[in-house]
Amino acid sequence: MSKHNPNRKTYWLETYGCQMNKAESGFLEHELQQHGWIAAQSPADAEAVILNTCSVRKTAEDRIWGRLGFFKSQKKKHSFRLVLLGCMSERLKEEVLNEAPHVDLLVGNFQKHRLVDVLEREDEVPAGSPGDELPFARRARQEAQLVDPGEYRFAERHSLSGFQAFVPIMHGCNNFCTYCIVPYVRGSEVSRSPETILAEIHRLQSPSDLSEQAVREITLLGQNVNSYRYRDQGGATVSFPALLRTILPELRYRTWLRFLTSHPKDMSGELIELIAAEPALCRHIHLPVQHGSDRILEAMGRKYTRSRYLDLVELIRKTIPEVSLTTDILIGFPGESEEDFRLILELMEQVRFEDAFTYRYNPREGTKAFELGDDVPEAVKQERLRQVIDLQRQITRYGKKRKIGKVVEVLIEGVSKKNPEELLARTEGDDMVVFPGSPQRIGRFIRVRLDTLQGSTFRAVPIVEEGSS
Ligand code: SAM
Ligand code: SF4
Ligand code: F3S
């Protein structure tokens, strides 16, 4: 049986799900390392194997159940503690305790920040004490108490690499779209204070030693950033556009500021005008539409109609002509008829999104839509999804081809995996670009001319390199 060895503080961390989970994992790794933990080369070398989990779809949970099965067999050969963190710990606490007794610790979203404390607490149990003899399944039951909601602590200081960072600005969701589990596993919306957001951005742009790079791309995170609202001490409310206006003048260096996700019902004209006016705000808006049929949009509880969404798109495109619009589409919601489905395809043709994330509906127990059953047969869902993906591929490709010959600014992200002589970069609209260049320029902006399209990646030629550093 596994046992905590305080002299072997090594961890293996796997992250599933959304950017919020990635941000939190970054924060946890930072915390672990601050307390002397080091990343293991493989799960077999780790003292703690940690899975930061997602419950949004069954496919996500199935993958994690698969990993739990794998780690069960690994545990027979290697000694490590298995820790389940996050959304699945919230949703399936009892099931995990009953069906996966080899999970040693369960930690929910509101206790994630206590991970190090939880891992190290066992040091306090002297060897041979009654606590030390507890079977691990029972330990898991004890730790499961930790899932009780406490105060959520925002993840801090996570760099994707040295020059890109996620900054959570709000947590939770009050929208309760009828298909979605997120409000149940993340709780009600909480907005983070502008002061702590700004302090973090200052930190991210002030490297503490010469080997570190200042952050050049910041993505503000929330399930619905447009409903960001912070009540300051004077009782005044800070809205999302007001928060952006506070952040923008504080950015040092040339920086791209992005945000995820925007709910169409709360997207204001004020925000759209701000994006048009401010070069630091990326002209890329991820605006999940989910569906094209009013009947289904209503049943989903999205609180907008097809025509309101289309009006919003028209306003965005008129105000920000170069904007890149991406979306989420959810097919197979209960009761979706052929006619409803046709309306999705029509909407896609009308809007011509730059790209779309497409999903097949999965009933989630506890949500309102769960009570409606799951009446679109799996084969029909698959066929509809195929049509949506095919159509979006054509639209994406057509849109990309029209960009050939354009000169655009890109942020260099790394060396191309296919050719070490080439660099991989991204445009503000999220297009991938490769061109010849030296790795010294990673983390810098550069202007390139888009020359040809290879698959979904542009080949480009560098034009003028900005002297920013
Ligand atoms: N807050 C974002 C919004 O309002 O669009 C979405 C966050 S959710 C983590 C990401 C996407 O997962 C959603 O846009 C939706 O398309 C998809 N999704 C949510 N619940 C789902 C379910 N039960 N089955 C399949 N896909 C789902
Ligand atoms: Fe889920 Fe809707 Fe909240 Fe997005 S806005 S997280 S889809 S409930
Ligand atoms: Fe998944 Fe939880 Fe994010 S359910 S999508 S990891 S909020």
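Coordinates for the structure precede this section.
A brief structural summary. Nothing here was measured: the structure is a model prediction, and the numbers come from that model. (Residues numbered from 1 in each chain as written. Chains lettered and ligands numbered in written order. Predicted model: local features only at pLDDT ≥ 70, side-chain atom pairs only at ≥ 80, totals over all residues. Heavy atoms only, no water.)

Topic: the overall build of the chain
Working step 1: Along the backbone of the chain there are 14 helices and 21 strands.
Working step 2: The proportion of buried residues among the 469 residues of the chain is 52%.
Working step 3: For the chain, long-range pairs separated by at least 24 residues make up 72% of all intrachain contacts whose partners lie at least 6 apart in sequence.
Working step 4: Carbon and sulfur atoms form 50% of the exposed surface of the chain, whose accessible area is close to 21,200 Å². (Helix = DSSP H or I, 4+ residues; strand = E, 2+ residues; numbered from the N terminus. Buried < 20%, exposed > 50% of the residue type's maximum accessible area, 1.4 Å probe, protein only. Contact = heavy atoms within 4.5 Å. Areas by Shrake-Rupley, 256 points an atom, 1.4 Å probe, with all protein chains shown as cover.)

Some thoughts on the pattern of salt bridges
Working step 1: The full count for this structure, using the stated rule, is 36 salt bridges.
Working step 2: With its nearest N and O atoms 3.2 Å apart, the salt bridge here joins Asp451 to Arg449.
Working step 3: Since its relative accessible area comes to 31%, Asp451 is described here as partly exposed.
Working step 4: Each of Arg306, Glu339, Arg342 and Glu346 takes part in one network of salt bridges that share partners. (Salt bridge = Lys/Arg side-chain N within 4 Å of Asp/Glu carboxyl O.)

Comments concerning unusual backbone geometry
Working step 1: Thr261 follows Leu260 through a cis peptide bond whose omega is -5 degrees.
Working step 2: Along the chain, Thr261 falls in the loop between strand 13 (256-260) and helix 10 (269-277).
Working step 3: In this model, Arg352 sits at a positive phi of 50 degrees, which is unusual for a non-glycine residue.
Working step 4: Locating Arg352 in the fold gives a position in the loop between helix 13 (338-351) and strand 16 (355-360).
Working step 5: Judged by relative accessible area, Arg352 falls into the partly exposed class, the value being 32%.
Working step 6: Unusually for a residue other than glycine, Asp430 sits at a positive phi of about 85 degrees.
Working step 7: Structurally, the position occupied by Asp430 is in the loop between strand 18 (422-427) and strand 19 (432-436).

A few points about the site of ligand 2
Working step 1: Cys173, Asn175, Phe176, Cys177, Tyr179, Cys180, Val182, Pro183, Gln223, His263 and Arg302 make up every residue found near ligand 2.
Working step 2: Looking at side-chain class alone, the shell around ligand 2 contains seven nonpolar, three polar and one charged residues. (Near = heavy atom within 4 Å. Nonpolar A, V, L, I, M, F, W, Y, C, P; charged D, E, K, R; others polar.)

Examining the packing of helix 12 (residues 306-319) against helix 13
Working step 1: Their axes nearest at 11 Å, the elements helix 12 and helix 13 cross at an angle of 15 degrees. On the basis of their axis angle, the class for helix 12 and helix 13 is roughly parallel. When the axes of helix 12 and helix 13 are compared, the crossing they make is right-handed. From helix 12, Arg306, Tyr309, Leu310, Val313 and Arg317 reach across to helix 13, where they touch Leu343, Glu346, Leu347, Gln350 and Val351.
Working step 2: Counted by class, the contact of helix 12 with helix 13 contains six nonpolar, one polar and three charged residues. (Axes fitted to C-alpha atoms, helices over the stretch in contact; angles between N-to-C directions. Parallel < 35°, antiparallel > 145°, perpendicular 65-115°, else oblique. Left-handed = near helix turned anticlockwise from the far one by under 90°.)

Structural notes on the nonpolar core
Working step 1: Among the nonpolar cores identified, the biggest contains 56 residues, and Ile169, Leu220, Phe240, Leu244, Ile247, Phe259 and Ile285 are the most heavily contacted of them.
Working step 2: Ranked by residues supplied to this core, first place goes to helix 13 with six residues.
Working step 3: Among all residues touching Ile285, those that are not within four sequence positions of it are Ser262, Met267, Ile275, Ile316, Ile320, Val323, Ser324, Leu325 and Thr326.
Working step 4: The next biggest cluster of nonpolar side chains, apart from the first, holds 20 residues, and it includes Tyr16, Ile64, Leu68 and Phe80. (Core = buried A, V, L, I, M, F, W, Y, C linked by side-chain atoms within 4.5 Å.)

Brief notes about the sheet that holds strand 14 (residues 284-286)
Working step 1: Reading across the sheet, the three strands line up as 14-15-16 and stay open at both edges, with parallel pairing between neighbours. Pairing within the sheet leaves two strands with one partner each, and these edge strands are strand 14 and strand 16. Within the sheet, the average angular offset between the axes of one strand and its neighbour, ignoring direction, is 10 degrees.
Working step 2: When strand 15 (residues 324-331) meets strand 16, the two strands line up parallel, connected through six bridges. Across the sheet, residue Thr326 finds its bridge partner in strand 16, namely Asp355. (Pairing = 2+ DSSP bridges.)

Digging into helix 9 (residues 240-247)
Working step 1: Among the residues of helix 9, Phe240, Pro241, Leu243, Leu244 and Ile247 are the ones counted as buried. Around the axis of helix 9, the buried residues are gathered within 155 degrees of arc, so they sit on the same side.
Working step 2: The inward-facing, buried residues of helix 9 abut helix 8 (194-204), strand 10 (217-221), strand 12 (237-239), strand 13 and helix 10. (Arc of directions from axis to C-beta.)

Comments concerning the site of ligand 3
Working step 1: Around ligand 3, the neighbouring residues are Cys18, Asn21, Thr53, Cys54, Ser55, Val56, Cys87, Arg186 and Gln223.
Working step 2: Grouping the constituent residues of the shell around ligand 3 by class yields four nonpolar, four polar and one charged.

Here's the deal with the packing of aromatic side chains
We describe a pair of aromatic rings using the distance from one ring centre to the other and the angle between the two ring planes.
Working step 1: Tallying each qualifying case throughout the model produces eleven aromatic pairs.
Working step 2: Considering the side-chain rings of Phe240 and Phe259, the 5.1 Å spacing of their centres and the 80 degrees angle between planes classify their relative orientation as edge-to-face. Placement of Phe240 in helix 9 and of Phe259 in strand 13 is noted, with a sequence separation of 19 residues between them. The same class applies to Phe240 and to Phe259, which are both buried.
Working step 3: On the numbers, 5.9 Å between centres and 35 degrees between planes, the contact of Tyr304 with Tyr309 is tilted. A single burial state applies to Tyr304 and to Tyr309, both of which are buried.
Working step 4: One aromatic cluster is present, built from ring pairs that chain together Phe70, Phe71 and Phe80.
Working step 5: Between the NZ or CZ atom of Arg254 and the centre of the ring of Phe445, over which it lies, the distance is 5.4 Å. (Phe/Tyr/Trp six-rings, centres within 6.5 Å; stacked < 30°, edge-to-face > 60°. Lys NZ or Arg CZ within 6 Å of the ring centre and 35° of its normal.)

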